[in-house]
Structures are given as C-alpha cells and as structure tokens.
Amino acid sequence: MEAQPQHQLNVMFLPYPTPGHMIPMVDTARLFAKHGVSVTIITTPANALTFQKAIDSDFNCRYQIRTQVVPFPAAQLGLPDGVENIKDSTSPEMLGTISHGISMLKDEIELLLQDLKPDCIVTDFCYPWTVESAKKLGIPRIFFYSSSYFSNCVGNSIRKHRPHESLASDTHKFTIPGLPQRIEMTSPQVAEWERTRNETTGYFDTMFKSESRSYGALYNSFYELESEYEELHKSTLGTRCWTIGPVSAWVNKDDEQKADRGHIEDLAEEPEWLNWLNSKQNESVLYVSFGSHTRLPHAQLVELAHGLEHCGHSFIWVVRKRDGNENEGCFLQEFEQKMKESKKGYIIWNWAPQILILDHPSVGGIVTHCGWNSIIESVSAGLAMITWPMFAEQSYNEKLVVDVLKIGVAVGVKELRFWLSVGDEATVRREEIVKAVVFLMGNSQESKEMRKRARKLGVAAKKTIERVEPLTTT
Ligand code: UDP
C-alpha cells in the first residue's frame, strides 16, 4: 500500500490579552511550532505587535507559525486607539470596558475557527465559551491556565469546602483541606473570586469548571517543581494535563529573544541598566518587580524606597510611570537621582526585559508579587525570592514558594487587594523589607540553604528543557 503523506497538526491558540496570560501562551505556541505543529495565534492588532518580532523570526527559521489578527472595537467603546490589553486599564470602569471589548470578539473568532478548521484549539481559561465552540466543530479544546497546579489545587479545595467562612476573625488561620502538606492561611489571603460569593462568582466558576469540560489542560510548570500537586490535581479533577514548562526558558534562548519578549520597543544595544549590572559583583543585586498590573500607593513606594536604600544591597527596581499621584513622580525622580549618585540602585521605568535581567550573573534574588510567570522565571534562573503577593491567586503561589519549596521568604503581606483599588496606605513597613532582604541575600546558614535549594531547582529547570530538543529546520 502506498504511504499516505503525514497530516501536519494544525493548532490555534487564543491567548487572553494580559501579559501574564498572553506571554506564556505565545511562548507555548512557539514551542508547539518548534515541535512540528502548524500554529496560528489569534489576537488583536496592538497585542500582536508585542510578540510579532518573535513570530516573524520563528517563521523565518521555517517554523509553521503565524498570527491571525481580529480588529478590536476600541472606537466603538470610546477607548483610545491601541488600548486592547487588560494592563492598559487605569480604573475599574476602564477594565470593564476593555473586558467587554474582548468578549465582543467571540462571534468573529468563532467564524475564524469555522473557516480555518484547526485540528485543535488551545484557549485561555478566561474563554470558557470555547468549550462549546470546539464541540460544534468536533475538535478538542485544551485549557490553558497560566498559574501553578498548586494554586489550582488550593482554589478547588477552597471553592469546595469554603474553610475561610467559619473563622472567628480575619487573623484566624485555617488549614487548606485535602492537600498533602499542612498549609495554613487567613481569609484575607484567599483570592478575591473565592473569598466572597458575589456577582462574579458564577463567572469564575464557569471558567474553572471549563477545565474538566475540556479535552485536557496545559500547565507552565515542571516535574521537580510541584509533582505532588500535579498528581493531586489530576486525581481530583480527573483531567488530562500536560506539564510543558518552563516555557519562557525553552523558547527564548538568546539575549535578543529574552530582551524582546512581551513588549514593542527595541532595546538599545548597550542599555544603561546593563552596564550598571555588569559593574556589580555576581549575585549581589536584588531585582524588584510587581508584574504588569500592580500599582503601589505613594506611601508604599516611599516605604519600599527607604527599605531598599537601607537594605545593604544593590537593587534594580521596575516602576510604572503611571503609578500613584503627583507627589510620587517628584519623590521617585529625586530617589532615582540619589541612587544613581551612590550607585546603590537603578530604576527601570515601565517595562523591564525581565528574563534577561533574571539570568544576569549579578542578580542574586528577586522581590516578586508572586505572579506565576515571575515565579517560574525566577526558579528557572535559580533565584530565591522575597514574596509580596498583591491580588488574585498570588498568596497561594507564595505558599508554594515559602512553605512547600522553601525557596522564599515572605515580606509579611496580610491581605490581598484588587490591583485597581490598592488604597492609600503602606501595608509593608521599611523595617520588614530590610529584614526580608537581609535574610534573602545574607550569610546565615538558613539563607545559604534557601538559595542552594533555589539553585538546585534552577538546574532541574534547565535539565527539563534539555531533555526534549525541538525540531531542527533546514
Ligand atoms: N514582565 C516583563 N517586564 C515587566 C513586567 C512584567 O517582562 O516589566 C513579564 C514577566 O516576565 C512575566 C509577565 O510579564 O512573564 C508577568 O506575569 P506574572 O504572572 O508574573 O504577573 P502579572 O503581570 O500577570 O501580575
């Protein structure tokens, strides 16, 4: 019998437009293409610009990957041109409008799916309606959740047992039911969508339930990081899961790819921050970042600045220009000048090439808001962390880092706050910041062991990505 030509698998990726979801999904799509799959990423024009360079470069290396753009109804919604990403929102109202704009794309995307007839779709957990779209087309839908197995296990347990509802006060702790380890937390550390039942409860329930209604799920994680929770997740949900991380380290191997990831502007060939980092000793610098959404109130910025200035270590701090109020600009500019003169600290405004910085030999630790991507990127770089969770499932990730993996020290956040309503006051004092930095970067036996564990996980992450080599194209 004559051999039939092999059908090339055609997979469509639908990322949700916010950096913490879109960046790892685009990396995953690129990983699929590098393993011989024909890949299409569906997105809107301004979002496409943030990763187009990587796609073009992969395409030029003969991988089958392309972007399919659908227009975003910015004008119709009264949004400025190019505002298409959740991170662009500056108020809850604007967030509502951008989210509405994203939901308006459903019909257009369904038509595209009918036209392009993929073999399979990989869609963000924020698009539960794609379960039905896939069913109509008779193809599998793969659920993409851009956080940890651990956090999903914690969330499932809390949604099922609601242990935080029977506590006498917000300072009382509960043990999360059904986990292999004893993990304790308080009610204000529970993700907003699980803490109280309100008008968004049904919306989040549908998103999480869509995982077990899908053909399977992809997790940006790796075996040594949380295998116990991978097993627990599979056994409680009964879902097929594929552990495919760390995706950022897997597909962004050279400095240019690392520098370009997730933003539009080209990086200068020799940026000032790089010269600054190059002038520092190995593992002596602390990298401070709160991800793509978080804004700190002015009072908190002041505490953090003082804490960093007096912590005894050099630091690179990523600050959003749009943060806070008018006092802030002035305070931070003076602080920046002072730190430049003393060579103690460096401020990067708005967006940092995070994975490039984390991989720099001078960086010795990170202060993180515990977004999952920042955690897995720090782990991949073998770095221990100061954990400063802000919102969503970030306290759960903090528990994994501090209590399970023991590669981090908590700065002492007592309560999560939604990123667009962080209040006015500082909740973490300068002394607490200094204490955490001294522990993270210091010479006590405990600190050294913590950093050793982090380095060991970094080695495991590297081995994971060496195990499977992508296709070479000719
Ligand atoms: N990121 C970056 N530069 C920045 C801020 C964020 O490269 O200045 C990237 C970071 O490397 C990560 C993603 O944006 O891949 C943020 O995702 P994460 O889950 O850490 O936090 P979120 O922004 O969703 O709160």
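In this text the structure is predicted, and so the values were computed from the model without any measurement.

Peer 1: It is not clear to me how the overall build of the protein chain should be interpreted in this structure. Could you clarify?
Peer 2: Looking only at helices and strands, the protein chain features 20 helices and 15 strands. For a compact globule of 474 residues, the expected C-alpha radius of gyration is about 23 Å, and the protein chain comes in at 22 Å, within 12% of that figure. Taken along its principal axes, the extent of the C-alpha atoms in the protein chain is 75 × 55 × 50 Å. Counting the 474 residues in the protein chain, one finds 58% classified as buried. Summarising the internal contacts of the protein chain: among those between residues at least 6 apart in sequence, 72% fall at separations of at least 24.

Peer 1: Looking at this model, I keep getting lost on the environment of Ser187. Mind explaining?
Peer 2: Its location among the elements puts Ser187 in the loop between β7 (184-186) and α8 (192-195). Given a relative accessible area of 10%, Ser187 falls into the buried group. In the structure, Ser187 is positioned 24 residues away from Pro163 in sequence and 8.7 Å away in space, judged by C-alpha atoms. What Ser187 contacts, discounting residues up to four positions off in sequence, is His164, Leu167, Asp170, His172, Phe174 and Arg195.

Peer 1: Is there a simple way to think about the site of the ligand in this case?
Peer 2: Taken together, 19 residues surround the ligand, and among them Ser292, Ala352, His369, Ser374 and Glu377 come closest. Here Ser292 contributes a side-chain N or O atom positioned 2.4 Å from an oxygen atom of the ligand. Gln354 places a polar side-chain atom, nitrogen or oxygen, 3.3 Å from an oxygen atom of the ligand. Protein contacts shield 96% of the accessible area of the ligand, which totals 530 Å² for the unbound molecule. Counting residues per element, the ones that place at least two in the shell around the ligand are α1 (19-34) and α17 (372-380). Of the residues belonging to the shell around the ligand, the class tally is six nonpolar, ten polar and three charged.

Peer 1: Explain the domain arrangement of the protein chain here, please?
Peer 2: How big an interface is tends to be stated in terms of accessible area lost as the parts join. Considered domain by domain, the protein chain is made up of domain 1 (10-249) and domain 2 (266-464). Tallying the contact residues gives 47 residues for domain 1 and 37 residues for domain 2. Summed over both partners, the interface of domain 1 with domain 2 buries about 3,300 Å², with 63% contributed by carbon and sulfur atoms. Viewed at the interface, domain 2 and domain 1 are joined by zero salt bridges. On inspection of domain 1 and its partner domain 2, the count reaches twelve residue pairs in polar contact (both at pLDDT 80 or more). Among the secondary structure elements, those contributing two or more residues to the side of domain 1 that touches domain 2 are α1, α4 (92-103), α7 (149-161), β7, α8, α10 (223-237) and α11 (247-251). Its residues assigned to classes, the side of domain 1 that touches domain 2 comprises 21 nonpolar, 17 polar and nine charged.

Peer 1: What exactly am I supposed to notice about the packing of aromatic side chains here?
Peer 2: To describe a pair of aromatic rings, you give the distance between the ring centres and the angle between the ring planes. According to the stated counting rule, one finds 20 aromatic pairs in the structure shown. On the basis of an interplanar angle of 80° and a centroid distance of 5.2 Å, the ring pair of Phe290 and Trp388 is categorised as edge-to-face. Here Phe290 is found in the loop between β10 (285-289) and α14 (298-309), whereas its partner Trp388 is found in the loop between β14 (385-387) and α18 (394-404), with 98 residues between them in sequence. Both residues of the pair, Phe290 and Trp388, count as buried.

Peer 1: Please explain unusual backbone geometry as it appears in this structure.
Peer 2: One can expect most non-glycine residues to show negative phi and most peptide bonds to be in trans. Residue Pro246 is reached from Gly245 by a cis peptide bond, and omega for that bond is -5°. Mapped onto the elements of the fold, Pro246 is located in the loop between β9 (241-243) and α11. The residue Arg62 is not glycine, and still its phi comes out positive at about 75°. Within the secondary structure, Arg62 sits in the loop between α3 (52-60) and β3 (65-69).

Peer 1: Looking at this structure, how should I read the layout of surface pockets?
Peer 2: Gaps between atoms show up when a probe of the same size as a water molecule is rolled over them. Volume-wise, the second largest pocket comes out at about 1,000 Å³. At the level of elements, α1, α2 (45-49), α3, α12 (255-260) and β12 (345-349) are the ones that each hand at least two residues to the lining of the second largest pocket. The biggest single contributor to the lining of the second largest pocket is α1, with six residues. Per-domain counts for the lining of the second largest pocket show at least three residues from each of domain 1 (10-249) and domain 2 (266-464).

Peer 1: What should I look at first to understand helix α6 (residues 130-137) in this one?
Peer 2: All of the buried residues in α6 are Thr130, Val131, Ser133 and Ala134. Taken around the axis of α6, the buried residues stretch over an arc of 165°, which confines them to a single face. In this structure, α6 carries Lys135 and Lys136 as exposed residues pointing more than 90 degrees from its buried face. Buried residues along α6 sit in contact with β1 (10-14), α5 (106-116), β4 (120-124) and β5 (141-145). Downstream of α6 by one or two residues, Gly138 has phi in the positive range, about 70°.

Peer 1: Mind showing me how you'd approach the side chain of Gln189 here?
Peer 2: Topologically, Gln189 is positioned in the loop between β7 and α8. Given a relative accessible area of 9%, Gln189 falls into the buried group. Reaching out from Gln189, the side chain makes a polar contact with the backbone nitrogen of Thr186 at a distance of 3.0 Å. Every residue in contact with Gln189, bar those within four places of it in the chain, is listed here: Ser395, Tyr396, Glu398, Lys399, Val413, Lys414 and Leu416.

Peer 1: Is there a simple way to explain the sheet that holds strand β13 (residues 363-368) in this structure?
Peer 2: By way of backbone hydrogen bonds, the strands of a sheet pair with one another, either parallel or antiparallel. In spatial order, the strands read β12-β11-β10-β13-β14-β15; together these six strands make up an open sheet with parallel pairing. Looking along the sheet, the strands with just one partner apiece sit at the ends: β12 and β15 (408-410). Direction aside, neighbouring strands of the sheet carry axes that sit 20° apart on average. As judged from the five bridges shared by β10 and β13, these two strands associate in the parallel manner.

Peer 1: I would appreciate a short explanation of the state of the cysteines in the present structure.
Peer 2: Two cysteines, two sulfur atoms, one covalent bond between them: this is a disulfide. Counted under the stated rule, the structure contains zero disulfides. Cys153 provides the cysteine sulfur closest to Cys370, a residue in no disulfide bond, and the two sulfurs are 18 Å apart. Judged by relative accessible area, Cys370 falls into the buried class, the value being 0%.

Conventions and cut-offs
- Residues numbered from 1 in each chain as written.
- Predicted model: local features only at pLDDT ≥ 70, side-chain atom pairs only at ≥ 80, totals over all residues.
- Heavy atoms only, no water.
- Helix = DSSP H or I, 4+ residues; strand = E, 2+ residues; numbered from the N terminus.
- Rg over C-alpha atoms; globule rule 2.2 N^0.38 Å.
- Buried < 20%, exposed > 50% of the residue type's maximum accessible area, 1.4 Å probe, protein only.
- Contact = heavy atoms within 4.5 Å.
- Near = heavy atom within 4 Å.
- Polar contact = N/O pair within 3.5 Å; in protein donor to acceptor, adjacent residues only side chain to side chain.
- Areas by Shrake-Rupley, 256 points an atom, 1.4 Å probe, with all protein chains shown as cover.
- Nonpolar A, V, L, I, M, F, W, Y, C, P; charged D, E, K, R; others polar.
- Domains from an automatic or database assignment.
- Buried area = accessible area lost by both parts, 1.4 Å probe.
- Salt bridge = Lys/Arg side-chain N within 4 Å of Asp/Glu carboxyl O.
- Phe/Tyr/Trp six-rings, centres within 6.5 Å; stacked < 30°, edge-to-face > 60°.
- 1 Å grid on protein atoms, 1.4 Å probe; cavity = no way out; pocket = protein on both sides within 12 Å on 5 of 7 lines; lining within 4 Å.
- Points joined across faces, edges and corners; volume = space filled by probe spheres on them.
- Arc of directions from axis to C-beta.
- Pairing = 2+ DSSP bridges.
- Axes fitted to C-alpha atoms, helices over the stretch in contact; angles between N-to-C directions.
- Disulfide = S-S within 2.5 Å.

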